Amino acid sequence: MISNFRTGKVPVLTYHSQNIAGNDYASNNRYALASDLQSIADAGMRVLALSDLIDWVTGKRPALFARNAVVLTCDDAPKFDFDNVPYRDYGLQESFRSIVQRHKAHITCFAIASPEARARIGADALDDAELMTDAWWAEADHSDWASIENHGWDHCHPAVGGPGSFFGVADYETCRQQVQIAADSIARVTGRRPALFAYPFGESSDYLRDTYLPDFTAEHGMRAAVSTDPEYAERDGNRWNIPRFICGRDWSSPDEFRTILLAAKRSW
């Protein structure tokens, strides 16, 4: 008999639809996502929305609610998340939307709020500012396959003159810009205020993580934040530092992915 007091571990997975350097598992996150969703099904596991996982982490769901669950997230919210787009010499790229819908799953998309920052990042990193459009956000956020959440104002990205690090977001006004003002901007596009935050680069200062986010929730409205520490989410964990595994960094083959799944399943 399974004890009602025992809880296991949940892998929160992160993909980047703009990670395209070929057309196979190791070089293209959409091939990995499609394969991984099949591996999840084959393992008898299921996809849980990140918002529901946060309910479990914070004790709002029963202890066994997240048993054998996996959570999908993706960062930056480029157009590749939503539309089939031809890209460079790699041909037409299937959208994350198509892949997730085919598997009747859900993915949380963390979006960069500033239109100017997105345009410059798109032009600099993807050779096309339009690949960072927000035109699809509202439709996605009102769907059953995705939600649009908060990835900061400008990602502190070098393309916008940023330091390429989020550790410097360490005082009230800078945190307010990157979290609260970003959430306000995203809400104007989607019609719903985001409640989850993903640290750009997976980085957080002590002040942002331990003071601003927990102490100013009435202002910024966030319920939780995710990092990129390669660990499993656990019940009663720090909701301001939920860990995530990154495709390509923490696994790059179906066998490596199944190892992550198996360890989670055995923990229950």
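In the block above lies the structure referred to throughout.
Residues numbered from 1 in each chain as written. Predicted model: local features only at pLDDT ≥ 70, side-chain atom pairs only at ≥ 80, totals over all residues. Heavy atoms only, no water.

K.L.:
Could you clarify how one ought to interpret helix α2 (residues 50-57) in this entry?
P.N.:
For an α-helix, 3.6 residues make a turn, and residues three or four places apart therefore share a direction. Most of α2 sits out of view: six of its eight residues are buried. Among the residues making up α2, those that are buried are Leu50, Leu53, Ile54, Asp55, Trp56 and Val57. Of the residues trailing α2, Gly59 is marked for its positive phi of about 85°. (Buried < 20%, exposed > 50% of the residue type's maximum accessible area, 1.4 Å probe, protein only. Helix = DSSP H or I, 4+ residues; strand = E, 2+ residues; numbered from the N terminus.)

K.L.:
Help me understand the pairing of strand β2 (residues 12-15) in this model?
P.N.:
Residues in a regular strand point their side chains to alternate faces of the sheet. Across the two faces of β2 the burial is the same, with Val12 and Thr14 and Leu13 and Tyr15 all buried. Looking at chain direction, β2 and strand β4 (residues 69-76) are connected through four bridges and run parallel. Within β4, the position partnered with Tyr15 by the bridge is Cys74. (Pairing = 2+ DSSP bridges.)

K.L.:
Looking at this model, I keep getting lost on the environment of Met132. Mind explaining?
P.N.:
Locating Met132 in the fold gives a position in the loop between α4 (115-126) and α5 (137-141). Residues Met132 and Asp76, spaced 56 residues apart in sequence, show a C-alpha to C-alpha distance of 8.3 Å.

K.L.:
Is there a simple way to think about the nonpolar core in this case?
P.N.:
Ranked by size, the top nonpolar core spans 37 residues in total, and within it Tyr15, Leu72, Ile107 and Trp251 carry the most contacts. If we skip the residues at most four places from it in the chain, Ile107 touches Leu72, Thr73, Cys74, Phe96, Val100, Trp145, Ala146 and Ser147. Among the nonpolar cores identified, the runner-up in size contains 20 residues, and Leu48, Phe65, Phe110 and Ala233 belong to it. (Core = buried A, V, L, I, M, F, W, Y, C linked by side-chain atoms within 4.5 Å. Contact = heavy atoms within 4.5 Å.)

K.L.:
Please clarify how the packing of helix α6 (residues 172-190) against helix α7 (residues 206-215) should be interpreted in this entry.
P.N.:
Packed helices, taken two at a time, are described by the angle between their axes plus the distance between the axes. Contact geometry of α6 with α7 gives a least axis separation of 11 Å together with a crossing angle of 75°. In terms of orientation, α6 and α7 fall into the roughly perpendicular class. From α6, Tyr172, Cys175, Arg176, Val179 and Gln180 reach across to α7, where they touch Tyr207, Leu208, Tyr212 and Leu213. Here the contact of α6 with α7 is composed, by residue class, of seven nonpolar, one polar and one charged. (Axes fitted to C-alpha atoms, helices over the stretch in contact; angles between N-to-C directions. Parallel < 35°, antiparallel > 145°, perpendicular 65-115°, else oblique. Nonpolar A, V, L, I, M, F, W, Y, C, P; charged D, E, K, R; others polar.)

K.L.:
Would you explain the pairing of strand β7 (residues 107-111) in this entry?
P.N.:
Extensive coverage of β7 is indicated by the burial of five of its five residues. Neither face of β7 is open: one carries Ile107, Cys109 and Ala111, the other Thr108 and Phe110, and all of them are buried. In the sheet, β4 pairs with β7 via five bridges, with the strands oriented parallel. Its bridge partner lying in β7, Thr73 is registered against Thr108.

K.L.:
Which parts of the structure should I look at to understand the pattern of salt bridges?
P.N.:
Pairs can form between side chains of opposite charge once their charged atoms are near each other. For the structure shown, the criterion picks out 16 salt bridges. The partner of Asp206 in a salt bridge is Arg209, and the shortest N-O contact between them spans 2.7 Å. Placement of the pair is Asp206 and Arg209 together in helix α7, with a separation of three residues, close to one helical turn. A relative accessible area of 54% places Asp206 in the exposed class. For Arg209, a relative accessible area of 16% gives the class buried. One salt bridge in this structure joins Arg249 and Asp250, with 2.7 Å as the shortest N-O distance. Within the structure, one salt-bridge network assembled from shared partners comprises Asp52, Asp55, Arg61 and Arg223. (Salt bridge = Lys/Arg side-chain N within 4 Å of Asp/Glu carboxyl O.)

K.L.:
What is the right way to read the layout of surface pockets from this model?
P.N.:
Empty pockets left among the atoms are what a rolling probe the size of a water molecule brings to light. Of the voids in this model, the largest pocket is the one considered here, and its volume is about 300 Å³. Looking at the largest pocket, it is lined by 20 residues, and the ones nearest its centre are His16, Gln18, Asp75, Asp76 and His155. For the lining of the largest pocket, the secondary structure elements donating two or more residues are β4 and α4. When residues in the lining of the largest pocket are grouped by element, the largest group, three residues, is from α4. Here the lining of the largest pocket is built from residues that sort into nine nonpolar, eight polar and three charged. (1 Å grid on protein atoms, 1.4 Å probe; cavity = no way out; pocket = protein on both sides within 12 Å on 5 of 7 lines; lining within 4 Å. Points joined across faces, edges and corners; volume = space filled by probe spheres on them.)

K.L.:
Which parts of the structure should I look at to understand the packing of helix α1 (residues 29-42) against helix α9 (residues 254-266)?
P.N.:
Contact pair α1 / α9: the axes reach a minimum separation of 10 Å and the direction vectors enclose 40°. Taken together, the axis directions place α1 and α9 in an arrangement best described as oblique. Note on packing geometry: the crossing formed by α1 with α9 is right-handed. Of the residues in α9, those in contact with Ser35, Asp36, Ser39 and Ile40 of α1 are Pro254, Phe257, Arg258 and Leu261. Looking at the contact of α1 with α9, its residues break down into four nonpolar, two polar and two charged. (Left-handed = near helix turned anticlockwise from the far one by under 90°.)

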